[in-house]
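Each chain is listed here by its residues.
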Amino acid sequence: MSRSHSSEEAFSGNVSSSRNTLYILGVRVDAVTFDETLACVETFIADGRPHQLVTVNPEFVMAAQSDAEFRRVINASALALPDGVGVWWASRRLGRPLPERIPGVDLVERLAALSADRGYRLYFLGAMPGVADKAAEVLRARYPGVVVAGTYAGSPRPEEEDAIIARIHAARPHVLLVAYGAPAQDHWIARNLDRLGVPVCIGVGGSFDYIAGVHPRAPHWLRRWGLEWLHRLVTQPWRWRRMLALPRFAWRVLWKSNV
Ligand code: UDP
């Protein structure tokens, strides 16, 4: 799994197969478990060169249908992680079942545990002012020894990039987590990846909000039933328009899998 996945494959439009990768409506998703993801993160850190990771959910897949640059970023990423029950469902429907789901917020927790264990330095960029700090505080209590080398809200506006990158360089992180929402965060990472020089850069959406307690996470039983999206719709109703991507995604996958 390298940064230079062929983009021809990406535009095949349906599930195209190589051993650990599938394409859902032309968008790459890697069939990896949590343990394999963390092993890749350690490999990328040891390698030292910058790598972009993305967490693909149905909203990503639908946005990538009309945003060719977003699709290119996902398909060229070092690792395209299967976030969201919709992607997991689609993989089964298309006959290439994914082994596990990797929700962004759980990934942040696992990275915090890994940092506590191995001393990797994390940097939290994005979310509303104070939220990343609060998330860092929660994680320090949960995973004693976790190294949060810096936090900064900033914004994804291009004119702030130089100053933000200077802050990140000063903190020398191994892992940069960017919470500017998709696709802004993923475009931000892609255009700054080489300049950042951080071995692992991941867009994590609303993860800091959940960890800091700004938004409640769905209870375990709802998550087990794959209904986290319903909880999100009830607790954050202003997302309804964006969440229309879910039925559109389901319809497109059903149509593809029936032809
Ligand atoms: N966000 C930000 N600056 C922006 C836009 C968004 O810091 O210009 C933050 C927002 O505060 C939230 C995070 O990006 O913490 C993720 O937003 P959202 O929930 O919309 O993203 P998703 O999880 O749906 O990708």
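Residues numbered from 1 in each chain as written. Predicted model: local features only at pLDDT ≥ 70, side-chain atom pairs only at ≥ 80, totals over all residues. Heavy atoms only, no water.

The subject of this paragraph is the side chain of serine 155. Within the element layout of this structure, serine 155 appears in the loop between strand E6 (147-152) and helix H8 (161-171). Among the polar contacts listed, one links the side chain of serine 155 to the side chain of glutamate 160, at a separation of 3.0 Å. With sequence-adjacent residues up to four places away left out, serine 155 is seen in contact with Glu160, Ile164 and Tyr180. (Helix = DSSP H or I, 4+ residues; strand = E, 2+ residues; numbered from the N terminus. Polar contact = N/O pair within 3.5 Å; in protein donor to acceptor, adjacent residues only side chain to side chain. Contact = heavy atoms within 4.5 Å.)

Turning our attention to the environment of serine 91. By the secondary structure assignment, serine 91 is in helix H5 (residues 85-93). On a C-alpha basis, the gap between serine 91 and alanine 31 in space is 9.3 Å, while along the polypeptide they are 60 residues apart. With near-sequence residues (within four places) excluded, serine 91 lies in contact with Leu22, Ile24, Arg96, Pro97 and Leu98. A polar contact is formed between the side chain of serine 91 and the backbone nitrogen of leucine 98, at a distance of 3.0 Å.

This brings us to the packing of aromatic side chains. Describing an aromatic ring pair means giving the distance of the ring centres and the angle of the ring planes. In this structure the tally under the stated criterion is three aromatic pairs. For the ring pair phenylalanine 60 and phenylalanine 70, a centre distance of 5.2 Å and an interplane angle of 45° mean the geometry is tilted. With phenylalanine 60 in helix H3 (residues 58-66) and phenylalanine 70 in helix H4 (residues 68-75), the pair connects residues that are 10 residues apart, well separated along the chain. On the basis of relative accessibility, which here comes to 5%, the residue phenylalanine 60 falls in the buried class. Exposure remark for phenylalanine 70: the relative accessible area of 1% places this residue in the buried category. Note on tyrosine 180 and tryptophan 188: the rings are 6.4 Å apart at their centroids and 70° apart in plane angle, and the pair reads as edge-to-face. Considered together, tyrosine 180 and tryptophan 188 belong to a single accessibility category, that of buried residues. (Phe/Tyr/Trp six-rings, centres within 6.5 Å; stacked < 30°, edge-to-face > 60°. Buried < 20%, exposed > 50% of the residue type's maximum accessible area, 1.4 Å probe, protein only.)

Moving on, we get to the site of the ligand. Residues in contact with the ligand amount to 13 residues; listed here are only the nearest, Ala127, Gly206, Asp209, Arg239 and Arg242. Alanine 182 is positioned such that a nitrogen or oxygen atom in its backbone is 3.3 Å from an oxygen atom of the ligand. Glycine 206 is positioned with one of its backbone polar atoms (N or O) 2.9 Å from an oxygen atom of the ligand. Surface burial for the ligand is 71%, taken as the share of its 540 Å² of free accessible area covered by protein chains. (Near = heavy atom within 4 Å. Areas by Shrake-Rupley, 256 points an atom, 1.4 Å probe, with all protein chains shown as cover.)

The description of two helices packed together rests on the angle between their axes and the distance between the axes. In contact at an axis separation of 11 Å, helix H2 (residues 34-47) and helix H6 (residues 104-118) are set at 50° when each is read in the N-to-C sense. Between H2 and H6, the crossing angle belongs to the class labelled oblique. Here H2 runs over H6; the crossing is right-handed. Counted together, Phe34, Asp35, Thr37, Leu38, Val41 and Glu42 of H2 and Asp106, Leu107, Arg110, Leu111, Leu114 and Arg118 of H6 form the full contact between these two elements. Each residue belonging to the contact of H2 with H6 can be placed in one class, and the counts come to six nonpolar, one polar and five charged. (Axes fitted to C-alpha atoms, helices over the stretch in contact; angles between N-to-C directions. Parallel < 35°, antiparallel > 145°, perpendicular 65-115°, else oblique. Left-handed = near helix turned anticlockwise from the far one by under 90°. Nonpolar A, V, L, I, M, F, W, Y, C, P; charged D, E, K, R; others polar.)

It is worth spelling out H3 at this point. For an α-helix, the turn length of 3.6 residues means that residues three or four places apart are oriented alike. Buried within H3 are the following residues: Pro58, Glu59, Phe60, Val61, Met62 and Ala64. Between the side-chain oxygen at the start of H3 and the backbone nitrogen of glutamate 59 there is a gap of 2.9 Å, and the oxygen is on asparagine 57.

The side chains of a regular strand alternate, residue by residue, between the two faces of the sheet. With five bridges joining them, strand E5 (residues 121-126) and E6 adopt parallel strand pairing. Following the sheet pairing, leucine 125 is matched in E6 by tyrosine 152. For the crossover that starts at E5, traverses helix H7 (residues 131-142) and ends in the parallel E6, the hand is right-handed. (Pairing = 2+ DSSP bridges. Right-handed = clockwise from strand over helix to strand, strands pointing away.)

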